[in-house]
Amino acid sequence: SSGALPVFTFEPNTAPVAAEERAQRLIGPAFGRVFTDHMAVIRYSEDKGWHDARITARGSVQMDPASSVLHYAQEIFEGLKAYSRPDGGAALFRPDANARRFNASARRMAMPELPEALFLESIRALVRTDAAWIPQDEDGALYLRPFMFASEVFLGVKPSAEYLYMVIASSVGAYFKGGAPSVSLWVTREYTRAAPGGTGAAKCGGNYATSLIAQAEAIRNGCDQVVFLDAVERRYVEELGGMNIFFVFEDGSMLTPPLTGTILPGITRDSILTLARDLGITVREELYSLEQWRADAESGRLTEAFACGTAAVVTPIGSVKSAEGGFTIGGQSAGPLTQRIRSSLVDIQRGKAADPYGWIQQI
Ligand code: PLP
Ligand code: COI
């Protein structure tokens, strides 16, 4: 659609959570369980384009049972965080990158693109409205979940003519609880995440639906997270269910799987590539097989490995298990390079270090 972008109307929640109750909920929140008072909503239809933009009380969505998302899963989402700043304000980390990835996902799923300015304003307006929900502690942040789904009432298999875009916000702490110094991974042999030509690079709900059985397999095998191998050769490490992966070698170099179209192009991954290269670290974007990973871990050539993503930040990987047996990595806790990368990233996100790349957007 062309013309001016819709302006957000503000409908305040007339029964927000009381301050004392909110303070209670902000203590050690489990991921994705604590929600704020408001949400952003924008509607799309083929004839009107994007319209009816609102910040309104968080509440349920009425849907016709024939809404096409319920049948054919035309749905995409994003994940980004607002952080509290030392000066008392709040800031977003690379929200423009999320806006671009959201539209890349939209194109893959035959959905309309949302103008970047509208995506950014929906996030800013919601964070401004619900700023009191941003946790102030060291690991805390306000996790923002923009998403869009097909809302046309029609059972025909075609791109929907109507969509709903929404943003909800959740106060979160550390993603992995329990204080373990590292996580354990299960390599699934039975399931793959995405094949060439599929939706692996899109952030669509369907990718997560199909990962759940593999994640359940990981838990059954005593591991925290599943790691997927490539769908063609079943050899090369791709990514975790909700995180990208990096390997660190004894010569101080790093490796991460390349963006071949079957993994999610993580914004944390991209930020780490930039930070590492500026720290003088050699980083290769190359295929890495499970076989090689095992051999390198056992010989000591591989010294560290970590997972990264918005929710998980930078999380050390301590051990890996598959049907062929397991192996451990380094000291099974955050190695020196993992720690260095993590603090370089987190210090920029939280305003404790300069922002040489223009990644921070103050609210
Ligand atoms: N890979 C998958 C499958 C994910 O769900 C995520 C999380 O968003 C990531 C990687 C990391 O992406 P980002 O760093 O943009 O959060
Ligand atoms: C994120 O890090 O934003 C993710 O999407 C991971 C998971 C919570 C789905």
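Computed from a predicted structure; not experimentally measured.

Asks: Residue-level account of the nonpolar core, with values.
Replies: Ranked by internal contacts, the top residues of the largest apolar core, which has 43 residues, are I76, A82, L126, L142, L144 and V167. Among the secondary structure elements, those contributing two or more residues to this core are strand 2 (38–45), strand 3 (49–57), strand 5 (80–84), strand 6 (90–93), helix 3 (95–108), helix 4 (116–129), strand 7 (141–150) and strand 8 (162–172). The greatest single-element share of this core, amounting to 7 residues, is contributed by strand 7. Other than its neighbours up to four places away in sequence, A82 contacts A90, A91, L92, V127, I134, A141, L142, L144 and I363. If you look at the next biggest cluster of nonpolar residues, it comprises 42 residues, including A214, I245, V248 and F306.

Asks: Just give me the short version of the UniProt feature "modified residue: N6-(pyridoxal phosphate)lysine" (unreviewed entry) in the protein chain, but keep the residues and values in it.
Replies: The UniProt entry lists K203 under the feature "modified residue: N6-(pyridoxal phosphate)lysine" (unreviewed entry), expressed in the numbering used here. The residue K203 is located in the loop between strand 9 (183–187) and helix 5 (205–220) in this model. Non-local contacts of K203, meaning those with residues more than four positions away in its chain, are made with I76, F77, E78, R101, S105 and L264.

Asks: Got a sec to walk through the confidence of the model for the protein chain? Specific residues and values, please.
Replies: Per-residue pLDDT for the protein chain averages 96, and the proportion of residues at 70 or more is 99%. Model confidence for the complex is summarised by a pTM of 0.97, with the ipTM given as 0.97.

Asks: So what's going on with the site of ligand 2? Which residues, and what values?
Replies: The local shell around ligand 2 consists of G79, G242, G309, T310 and A311. For the shell around ligand 2, the per-class residue count stands at 1 nonpolar, 4 polar and no charged.

Asks: Pulling in residues and values, what's your account of the pairing of strand 7?
Replies: Of all 10 residues in strand 7, 8 are buried, a share of seventy percent or more. Here strand 4 (residues 75–77) runs beside strand 7; their pairing, made up of 3 bridges, is antiparallel. Among the inter-strand pairings, I76 is bridged to a residue of strand 7, identified as M148. With 3 bridges joining them, strand 5 and strand 7 adopt antiparallel strand pairing. Considered in strand 7, the bridge of L80 is made with L144.

Asks: Outline the packing of helix 6 (residues 267–278) against helix 8 (residues 336–349), supporting the account with residue identities and numerical values.
Replies: Geometrically, a packed helix pair is captured by the angle between its two axes and the distance between the axes. Across the interface, helix 6 lies against helix 8 with an axial gap of 10 Å and an inter-helix angle of 110°. Classified by the angle between their axes, helix 6 and helix 8 sit roughly perpendicular to one another. Where helix 6 abuts helix 8, its residues S271, I272, L275 and A276 lie against I341, S344 and L345. Its residues assigned to classes, the contact of helix 6 with helix 8 shows 5 nonpolar, 2 polar and no charged.

Asks: Give a detailed account of the site of ligand 1, specifying residues and quantitative values.
Replies: What surrounds ligand 1 is the set G79, E239, G242, M243, N244, L264, G266, I267, T268, R269, G309 and T310. The leading source of residues in the shell around ligand 1 is helix 6, at 3 residues. Looking at side-chain class alone, the shell around ligand 1 contains 3 nonpolar, 7 polar and 2 charged residues.

Asks: If you had to explain the pairing of strand 5 to someone new, which residues and values would you point to?
Replies: Summarising burial for strand 5: 4 of the 5 residues are buried, a large majority. Relative to strand 6, strand 5 runs antiparallel, the two sharing 3 bridges. What sits directly across from Y83, in strand 6, is A91. The antiparallel pairing of strand 5 with strand 6 creates a hairpin that spans 5 residues between the two strands, and G88 there sits at a positive phi of about 95°.

Asks: Can you explain the packing of helix 3 against helix 4? Please cite residues and give values.
Replies: Put simply, helix 3 and helix 4 touch, their axes get as near as 9 Å, and they point 125° apart. Here helix 3 lies oblique to helix 4, going by the angle between them. For the element pair helix 3 and helix 4, the recorded crossing hand is right-handed. On helix 4, the residues that touch P95, D96, A99 and F102 of helix 3 are E116, F119, L120 and I123. Here the residues of the contact of helix 3 with helix 4 are counted per class, giving 6 nonpolar, no polar and 2 charged.

Asks: Explain unusual backbone geometry to me, using residue names and the numbers behind them.
Replies: We note that A73 has phi near 60°; this positive angle belongs to a residue other than glycine. As for its placement among the helices and strands, A73 is situated in the loop between helix 2 (69–72) and strand 4. Phi is positive for A110, close to 55°, though the residue is something other than glycine. Mapped onto the elements of the fold, A110 is located in the loop between helix 3 and helix 4. Residue classification places A110 among the exposed residues on the basis of 11 C-beta atoms within 10 Å.

Asks: Quick rundown of helix 7 (residues 290–299)? Include the residues and the values.
Replies: Taken residue by residue, helix 7 has W293, D296 and A297 as its buried positions. Buried residues of helix 7, viewed axially, fall in a sector of 100°; they line one side. Seen from the open side of helix 7, the exposed residues pointing more than 90 degrees away from its buried face are E291, E298 and S299. The inward-facing, buried residues of helix 7 contact strand 11 (237–240), strand 15 (302–309) and strand 17 (325–328). Remark: G300 follows helix 7 within two positions and exhibits a positive phi of approximately 90°.

Asks: A description of helix 3 should follow, citing residues and the corresponding values.
Replies: Look at helix 3: 20 Å from first C-alpha to last across 14 residues, which is about the 20 Å you get at 1.5 Å a residue. The complete set of buried residues in helix 3 reads P95, N98, A99, R101, F102, S105 and A106. Phi turns positive one or two residues past the end of helix 3, at A110, with a value near 55°.

So, how was this worked out
- Residues numbered from 1 in each chain as written.
- Chains lettered and ligands numbered in written order.
- Predicted model: local features only at pLDDT ≥ 70, side-chain atom pairs only at ≥ 80, totals over all residues.
- Core = buried A, V, L, I, M, F, W, Y, C linked by C-beta atoms within 7 Å.
- Buried ≥ 20, exposed ≤ 12 C-beta atoms within 10 Å, placed from the backbone.
- Helix = DSSP H or I, 4+ residues; strand = E, 2+ residues; numbered from the N terminus.
- Contact = placed C-beta atoms within 7 Å.
- UniProt positions renumbered as here; feature names shortened; annotations may be inferred.
- pLDDT = per-residue confidence, 0-100.
- Near = placed C-beta within 6 Å.
- Nonpolar A, V, L, I, M, F, W, Y, C, P; charged D, E, K, R; others polar.
- Pairing = 2+ DSSP bridges.
- Axes fitted to C-alpha atoms, helices over the stretch in contact; angles between N-to-C directions.
- Parallel < 35°, antiparallel > 145°, perpendicular 65-115°, else oblique.
- Left-handed = near helix turned anticlockwise from the far one by under 90°.
- Arc of directions from axis to C-beta.
- Expected span 1.5 Å × (residues − 1).

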